[in-house]
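Now for the letters of each chain:
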Amino acid sequence: MAARWRLRQPSVIPGFGLTLGFTLTYFSLIILIPLVALVVRASGLGWGGFWAAASDPRVLAALRTSFVTALVAASVNVVFGTLIAWVLVRYRFPGRRIFDAMVDLPFALPTAVAGIALTAIYAPNGFVGQLVAPLGWRIAYTPIGIIIAMIFIGLPFVVRTIQPILEEVSHEVEEASATLGANRFQTISRVLLPSLAPAILTGFALAFARAVGEYGSVIFIAGNIPFVSEIAPLLIVIRLEEFNYVGAAVIATVMLAISFVMLFLINLIQAWSRKRYGYGS
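Residues numbered from 1 in each chain as written. Predicted model: local features only at pLDDT ≥ 70, side-chain atom pairs only at ≥ 80, totals over all residues. Heavy atoms only, no water.

1. Topic: helix H13 (residues 232-241)
With seven of its 10 residues buried, H13 lies for the most part within the structure. When H13 is considered as a whole, its buried residues turn out to be Ala-232, Pro-233, Leu-234, Leu-235, Ile-236, Ile-238 and Arg-239. Where H13 terminates, the next one or two residues include Phe-243, which has phi positive at roughly 60°. (Buried < 20%, exposed > 50% of the residue type's maximum accessible area, 1.4 Å probe, protein only. Helix = DSSP H or I, 4+ residues; strand = E, 2+ residues; numbered from the N terminus.)

2. Remarks on empty space enclosed by the protein
On inspection of all chains with the given rule, the structure shows one cavity of 30 Å³ or more. Put simply, the largest cavity is a space of about 40 Å³. Around the largest cavity, the lining residues are Tyr-122, Ala-123, Pro-124, Gly-129, Val-132, Ala-133, Trp-137, Arg-138, Ile-139 and Ala-140. For the lining of the largest cavity, the residue count by class is eight nonpolar, one polar and one charged. (1 Å grid on protein atoms, 1.4 Å probe; cavity = no way out; pocket = protein on both sides within 12 Å on 5 of 7 lines; lining within 4 Å. Points joined across faces, edges and corners; volume = space filled by probe spheres on them. Nonpolar A, V, L, I, M, F, W, Y, C, P; charged D, E, K, R; others polar.)

3. With respect to the side chain of Glu-214
Positionally, Glu-214 belongs in the loop between helix H11 (184-212) and helix H12 (216-222). At a separation of 2.7 Å, a polar atom in the side chain of Glu-214 contacts the side chain of Ser-217. Apart from the residues lying within four places of it in its own chain, the contact partners of Glu-214 are Thr-111, Ile-153, Ile-231 and Pro-233. (Polar contact = N/O pair within 3.5 Å; in protein donor to acceptor, adjacent residues only side chain to side chain. Contact = heavy atoms within 4.5 Å.)

4. Quick look at the environment of Tyr-91
Within the secondary structure, Tyr-91 is located in the loop between helix H4 (57-90) and helix H5 (96-102). Residues Tyr-91 and Ala-117, 26 residues apart in the sequence, show an inter-C-alpha distance of 31 Å. Contacts of Tyr-91, omitting those with residues within four sequence positions, involve Trp-86 and Arg-96.

5. Details of the nonpolar core
Among the nonpolar cores identified, the biggest contains 55 residues, and Leu-63, Met-150, Ile-162, Val-218 and Met-255 are the most heavily contacted of them. Secondary structure elements with two or more residues in this core: helix H3 (46-54), H4, helix H9 (143-168), H11, H12, H13 and helix H14 (245-277). Contact partners of Leu-63, with chain neighbours within four places excluded, come to Ala-232, Val-254 and Met-255. (Core = buried A, V, L, I, M, F, W, Y, C linked by side-chain atoms within 4.5 Å.)

6. A few points about a nonpolar patch on the surface
Together, Phe-22, Tyr-26, Phe-27, Leu-29, Ile-30, Ile-31, Leu-32, Ile-33, Leu-35, Val-36 and Val-40 make up an exposed nonpolar region whose accessible area comes to about 1100 Å². Leu-35 sits in the partly exposed class, given a relative accessible area of 34%. (Patch = residues over 30% accessible without salt bridge, like charges linked within 9 Å, V, L, I, M, F, W, Y side chains within 5 Å. Areas by Shrake-Rupley, 256 points an atom, 1.4 Å probe, with all protein chains shown as cover. Salt bridge = Lys/Arg side-chain N within 4 Å of Asp/Glu carboxyl O.)

7. Some thoughts on the packing of aromatic side chains
For the structure on display, the rule yields eight aromatic pairs. Put simply, the rings of Trp-47, Phe-50 and Trp-51 pair up and form one aromatic cluster. Across the ring face of Trp-86, the terminal group of Arg-90 is positioned such that the distance to the ring centre comes to 5.0 Å. (Phe/Tyr/Trp six-rings, centres within 6.5 Å; stacked < 30°, edge-to-face > 60°. Lys NZ or Arg CZ within 6 Å of the ring centre and 35° of its normal.)

Right, here's the structure in full:
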């Protein structure tokens, strides 16, 4: 009853019933119904056919490539995105505003353009590729190239998620920690990171989700070699070009299920972090 009455409490913005109805309708039309249609289309094969299509070695290899490279890229973005956010918030230097604006470029740049540019740089005859080629290293047309493309498109999510939280953390907190005898490592690990943990996890989840479904910037630098550098979104497109719509729906459904489970676990960890360190309700 308490929870029920809490929904009816007066609000600054009236019309709870109207806004809730609009929210549910919008959510259903844009998200829920398309996802349900995807699952229904994939279930047309039956459980045996679904399992056979999902367990195909090429499908498993593509899924492994997409999710492993997305996890690596999101992890790298967490580290360097946090550092970039720290520099932008804590320091003032010439060109800071330009540097801050450049962080958002992957949002505005067409992904295909980004893929072509990255390929031109990291290909064996590119500016960076030709420097590492004598060492026997290849960046483009390998999973490493996929990771680089995913780092490029996922970095803004981490920076823009952590940056406003860092701006709310006062210098006085760090000064108080130093006054109480904490060294820099203790201040970072025991004072700053607990307050940033929910934002870091959110940035990680957003970067991971963006990387898993990325297509345009990856296909140019990946090489698209089956069992080596072929990503799941590309395999979905291949299935569609083969008019195998059910097969494409099966791959998409598996990606949806794995992504949902991983993001759900991240949200649980985020909620635990907020409760553990007393940030948020």
